[in-house]
Amino acid sequence: MLTTKPLSISMPTVPKPVHDDLYEKNVTAWMMTTQDKILSETERLCEMVLNSTQTALDWVSQYVDLDYMMWIKWLMSPIIITFVILPCIILLLIYVSSLILYIYKAHRKRLIRRLATYVEQGDFWLGGREIVATLWDAHAWLWHGYELWGLENLPTEGGFMLLYYHGAIPVDYYYMVARVLLLKETMIHSVVDKFLFKVPGMKIILEAFCCTPGTVDTCAEQLAEGKILGLAPGGVYEAQFGDNEYKILWRERLGFARAALKANVPILPVFTENVREAFRVFPFGNRFFYWLFEKTRLPLRPVFGGFPVKLRTHIGEPIYPEPGMTPEEMRDQCKESLEKIIAKHQRIPGSIFRGIFDRLFNKPRSHSD
């Protein structure tokens, strides 16, 4: 009888898993090595910072007694709080109270009337514009003793253009727009730079006060419709690179002249005394900021100020288009007229202190010294 052996099936060898003991040991060793490196680098960095700080303190201590300064700071803290911070809070409350009372005294009837008109006519921005204009006019009166001369030069019919000198921050133009709105109940439409529409919170103000980044055609169309158009040919360039010498920096701008000639409307030059003393640009790095402006077309040069100097806006006599007049001729006439207003009313070079003194003493309408 034959006996058969059972079949033995040989199974393939199962490969060892990748995560074997050697792998685990290598990974653990690598992690520990990396951790040690990170810790050592961190310790070295902290040591460098401490050494640098200590070196700086040692250098400063050669000239300044730090313990004494800390003691002075501790000693002066109550004085600063009681003599500076708290009085400033009270002054701020007084300032706000004065603004509110001025608005109530001078403009309450107008505000009520305009708000009633808004309800009747449905002009959404009418009441809001009136309230904001009243607030700005109150600030102009209280902080700068603002005055607006030359309203009699404004044409009573048809559209026209107000051509103003652009300060570092054109607060004078804001004040003029508010004052004309309150006194004449007329809105000045403004041509502004496109970047303002991208500034958070500005779009609603620009919309309410009829501001547009106008072209020659759109400006001519608004003027032909009988609207008042305000613009500064110097724009951001004049704001950033002008100084207290009050030079007009229009470069080769001709768009405003083309728009006025196309619509056949007059141009009125506008200038405000001491506008360069209210706010000033950072006086250093002119070449760098000019290069930066050429690259970005943005007003990146720092501005400082808010000084309570006297501000007087002068509206010049209208310049009417003539038959056959070219845009260059219109521009030159406007520039010459504006330069005459500056020479007549502005002290050159401008002075912040003398601008503040103008708040205290009556200054003649024509400047001669």
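All values derive from a computational prediction rather than experimental measurement.

> Explain the sheet that holds strand 1 (residues 147-149) residue by residue, including any values.
Hydrogen bonds between backbone groups are what pair the strands of a sheet, and the pairing can be parallel or antiparallel. What the seven strands build is an open sheet, ordered 1-9-6-2-5-3-4; its pairing is mixed. On the outer flanks of this sheet lie strand 1 and strand 4 (211-212), each paired with one strand and no other. As paired strands, strand 1 and strand 9 (residues 312-315) are joined by three bridges and run parallel to one another. Bridge assignment links Glu 147 to a residue of strand 9, and that residue is Arg 312. In this fold helix 4 (residues 171-184) packs onto strand 1, strand 2 (160-164), strand 3 (188-191), strand 5 (228-231), strand 6 (267-273) and strand 9, with an angle of close to 155° to the strand it touches most, strand 3. Sitting on the sheet, helix 11 (residues 327-345) is in contact with strand 2, strand 6 and strand 9, with an inclination near 30° to strand 6.

> How would you explain the packing of aromatic side chains if you had to name every residue and give the values?
Within this structure, the stated rule accounts for 17 aromatic pairs. Here the aromatic rings of Tyr 165 and Phe 271 are separated by 5.9 Å at their centres, their planes lie at 65°, and the arrangement is edge-to-face. Residue Tyr 165 is found in the loop between strand 2 and helix 4, and its partner Phe 271 is found in strand 6; the two are separated by 106 residues along the sequence. One exposure class covers both Tyr 165 and Phe 271, and it is buried. Pairing Trp 250 with Phe 256 gives two aromatic rings, centres 5.4 Å apart and planes at 70°, and the pair type is edge-to-face. Take Trp 250 and Phe 256: they sit in the same class, and that class is buried. Three or more aromatic residues link up through ring pairs in this structure, and these residues are Phe 282, Phe 284, Phe 288, Phe 289 and Trp 291. Above the ring of Tyr 237, the side-chain terminus of Arg 251 is found at 4.1 Å from the ring centroid.

> Can you lay out the packing of helix 8 (residues 255-263) against helix 11 for me, pointing to particular residues and giving the numbers?
Helix-helix packing: each pair is described by the crossing angle between the helix axes and the interaxial distance. Direction vectors running N to C along helix 8 and helix 11 enclose 110°, while the axes themselves pass 8 Å from each other. Considered as vectors, helix 8 and helix 11 are oriented roughly perpendicular to each other. Across the interface between the two elements, Phe 256, Ala 257, Arg 258 and Leu 261 from helix 8 touch Pro 327, Met 330, Arg 331 and Cys 334 from helix 11.

> Could you give an account of the pairing of strand 2, with specific residues and numbers?
Along strand 2, five of the five residues are buried, which leaves the element largely enclosed by surrounding structure. Here strand 2 shows two buried faces, one formed by Phe 160, Leu 162 and Tyr 164 and the other by Met 161 and Leu 163. Examined bridge by bridge, strand 2 and strand 5 share four bridges and lie parallel to one another. The partner of Leu 163 across the bridge, within strand 5, is Leu 231. Looking at chain direction, strand 2 and strand 6 are connected through four bridges and run parallel.

> Explain the pattern of salt bridges to me, and be specific about the residues and the numbers.
Think of it this way: side chains of opposite charge can pair up when their charged atoms draw near. Scanning all chains against the criterion turns up 13 salt bridges. Ionic pairing is found between Arg 251 and Glu 294, a salt bridge with its closest N-O pair at 3.7 Å. Placement of Arg 251 in the loop between helix 7 (235-241) and helix 8 and of Glu 294 in helix 10 (residues 286-296) is noted, with a sequence separation of 43 residues between them. Arg 347 is paired through a salt bridge with Asp 358; the nearest N and O atoms lie 3.6 Å apart. Of this pair, Arg 347 sits in the loop between helix 11 and helix 12 (352-360) while Asp 358 sits in helix 12, placing them 11 residues apart in sequence. When its relative accessible area of 10% is taken as the criterion, Arg 347 is described as buried. Taken together, the salt bridges that share partners define one network made up of Glu 147, Glu 273, Lys 310 and Arg 312.

Basis of the calculations
Residues numbered from 1 in each chain as written. Predicted model: local features only at pLDDT ≥ 70, side-chain atom pairs only at ≥ 80, totals over all residues. Heavy atoms only, no water. Pairing = 2+ DSSP bridges. Helix = DSSP H or I, 4+ residues; strand = E, 2+ residues; numbered from the N terminus. Contact = heavy atoms within 4.5 Å. Axes fitted to C-alpha atoms, helices over the stretch in contact; angles between N-to-C directions. Phe/Tyr/Trp six-rings, centres within 6.5 Å; stacked < 30°, edge-to-face > 60°. Buried < 20%, exposed > 50% of the residue type's maximum accessible area, 1.4 Å probe, protein only. Lys NZ or Arg CZ within 6 Å of the ring centre and 35° of its normal. Parallel < 35°, antiparallel > 145°, perpendicular 65-115°, else oblique. Salt bridge = Lys/Arg side-chain N within 4 Å of Asp/Glu carboxyl O.

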